[in-house]
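# Descriptive structure summary
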Amino acid sequence: FVISADADTGDAKWIIAHPKSNKDAQTVGVDVDTDGNIYGAGYVCNTEGADEAVICDGFVAKFDAGDGSIVWEQMFEDLGAAMWIAYDESDESLYVTGTTSYFGESSEGKVPKENTYCKHEICAVTMRLSADDGSTDWVRTTNGSPRWNFFDQSGDISLANDLDGPYIYVALDDVGEDVEGVISLDEGSSYAACSSDGKLTPEYEIDTTKLITADDCPEGSIFVKRGQDSGFSAANAATNAKCGQGHESVDACIIKYHKYTGLPIWGSNIHPVAALIPSVDGKSIMATGWYWANSKNSMGHHFDSVALPDYNSIEGVYNAKINTESGEGEYVMHSGGVGKTRVYDAVGNDKGDVFMVGYTQSAVIDWGGTLQTKIIEEGEDQNDDVGTAFQMGKVSSNTAEYQFFAVKLAAESPAPLSCVESCTLEGNSVAKSVIESESCLIDNVCYEEGDTAEIFGRTCLVCNPGMSQTEWSLADTVGELECFIDNVCYDMDSYYTFRESRSKIHTSSCQHCNPAMSSTEWYVDPVNFELNITSDGVVEPPYDCMDLTEENTTSTEPTNTVAAPSVPEPATPENKPASTSTDEPVTTVDEPVTSVDEPATSLKNKASNHACDESSLTSIAKLILSLVTVTFF
């Protein structure tokens, strides 16, 4: 359905159920023109035939501002779904993303649509349409498709700032993540061209300030329309724009297209994107989304060589600044807590502020720097005297329900890091921080001696400058009262669990935390039990333990889930660093930066350390609530 509501009161003006189906349907993305007319993109699924096969098609429609009636509608039977849409008032055009598969994958019973412009088993699609009647101007395709309806984030589409030029930015999840790696962006419909003496001159070499027509061809030449077999093929553009290269272990791509021609300019690999916000000076765009440090469940947590921290093996939120000219990243910020935290959408204003909305299951969220916020749920025990969240509750608590959050990021410069005494330069290019003797600088955040990693769900890790000033160290309780196994802190006598499915969790009857016997591995009493090991390795619970006192293997019923995140090994006396400088080099900044490029208003539907020069610390960005900044790329 689509609802038109009053901006001042929130009261609904009208509501229309569209599209209608006998199975499933949704208007996924919307945008509004200057007259208040609404443009929607989405899908409609119906069961057909004796076998009741589910057939899904994409659609784009224009709804009248007055009553929501359909002005025009275009059905795309070669799409499984259309997704996000952006309206351009400069020439009455629409830009739409979609996929050839409603399910976002190809498998038995989930066969993607046949699409003229898709050369692969499954494709993500970007289109330019006329806002007047929905007719198609050009289509670009890429190998891969967002599993948008079931997993990850589905991306975004946004017009560039006028100072940037006539471009659009498209974010697509699960594009360029295949084992093949690099994929070309030179695919889709043919370009318009002027033909003369058997030679085709593509439209992007004729005029890039508008959608060219026959009037733009020189006298004596013939105009060839877009999409015709006789036109200038997308592959012949040979731009070398690609996705799938650049970052380490990522599963999404941001693509810059010329909006009139559809010519790809560059592709930039990144983690799942929820929103794109262009800057007011046209020099950058802000991408916001989430990452999951546990590579077992996602593609990792790297932004090139920079690895963001692991928030309890649950996803963390990121904000990354991308250079619009090159597609290279300039910095990334991170935030999160012990529970799931995801950004759903973000917008910007003309001052450069960015506003994010989303949901979380973290009672306490670390927004970087010194700021932590706490969600208080009515009727819940707040544990006010437990934890480190400024007497406002236990940091490592999850909320009972999903909770909404809204966050504001501002383009201001934060104060230098309090625990950094000075910076040194190595080779006139690499900056290293000299840290105060009783402090740690971990993931670009200052900690005092004795502070724990509770915000990341690991109370058995502490800041111990004597062990390491740049990594978490094992607390004294490890080996006495706790274990640190697979990067998770466990209390004595905690038992290993295996999650067979979302509803079934098994607990081992023999593998448990015994700090005195083994503080870093699950312990099995050799007198009473033996692990069940096959050629494939140790069998998971409930069949992992062979009871030596009985004939049959014991098993237990499901209890609680325990995640197993992946983080760097904490410092121990054996791997204690030799100096107090940060271990990872940081790119230097030639001149102090006093502000961040200011993102412009943009609606959907619409980490290393701070760099420094020889004389002072400087910073490049700030979350208004002191979000931590990480330089990357």
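Residues numbered from 1 in each chain as written. Predicted model: local features only at pLDDT ≥ 70, side-chain atom pairs only at ≥ 80, totals over all residues. Heavy atoms only, no water.

Read across the sheet, four strands follow the order S3-S4-S5-S6 without closing on themselves; strand pairing throughout is antiparallel. Of all strands in the sheet, those with a lone pairing partner are strand S3 (24–32) and strand S6 (70–76), marking the two edges. Pairs of neighbouring strands in the sheet enclose a mean axial angle of 20°, with direction left out of account. Pairing between S3 and strand S4 (residues 38–48): eight bridges, direction antiparallel. Note on S4: the bridge partner recorded for Gln26 is Tyr43. (Pairing = 2+ DSSP bridges. Helix = DSSP H or I, 4+ residues; strand = E, 2+ residues; numbered from the N terminus. Axes fitted to C-alpha atoms, helices over the stretch in contact; angles between N-to-C directions.)

The full count for this structure, using the stated rule, is nine disulfides. Covalent S-S linkage joins Cys45 and Cys56, the inter-sulfur distance amounting to 2.0 Å. Because the torsion about its S-S bond is 110°, the bridge between Cys45 and Cys56 counts as right-handed. With Cys45 in strand S4 and Cys56 in strand S5 (residues 53–63), the pair connects residues that are eleven residues apart, well separated along the chain. Residue class for Cys45 comes out buried when judged on its relative accessible area of 1%. Among the residues examined, Cys56 registers a relative accessible area of 5% and is labelled buried. Here Cys118 is linked by a disulfide to Cys123, with a sulfur-sulfur distance of 2.1 Å. On the sign convention where negative is left-handed, the bridge of Cys118 and Cys123, at about 85° about the S-S bond, is right-handed. (Disulfide = S-S within 2.5 Å. Buried < 20%, exposed > 50% of the residue type's maximum accessible area, 1.4 Å probe, protein only.)

Pairing in this open sheet of three strands is antiparallel, and the strands run S35-S36-S37 from one edge to the other. Pairing within the sheet leaves two strands with one partner each, and these edge strands are strand S35 (452–453) and strand S37 (468–474). Relative to strand S36 (residues 458–464), S35 runs antiparallel, the two sharing two bridges. Within the sheet, the bridge partner assigned to Ala453 lies in S36 and is Arg458.

Every other side chain in a regular strand lies on the same face of the sheet, so the side chains alternate between the two faces. In strand S38 (residues 482–485), alternate side chains face the same way, and those of Glu482 and Phe484 on one face and Cys483 and Ile485 on the other are all buried. Two strands pair when backbone bridges link them, and S38 and strand S39 (residues 488–491) are joined in this way by four bridges, in the antiparallel orientation. Looking across to S39, one finds that Glu482 is bridged to Asp491. Taking the residues that link successive antiparallel strands as the turn, the S38-S39 hairpin has two residues, and the phi of Asp486 there is positive, at about 50°.

The values reported here are purely geometric and, on their own, carry no functional implication.
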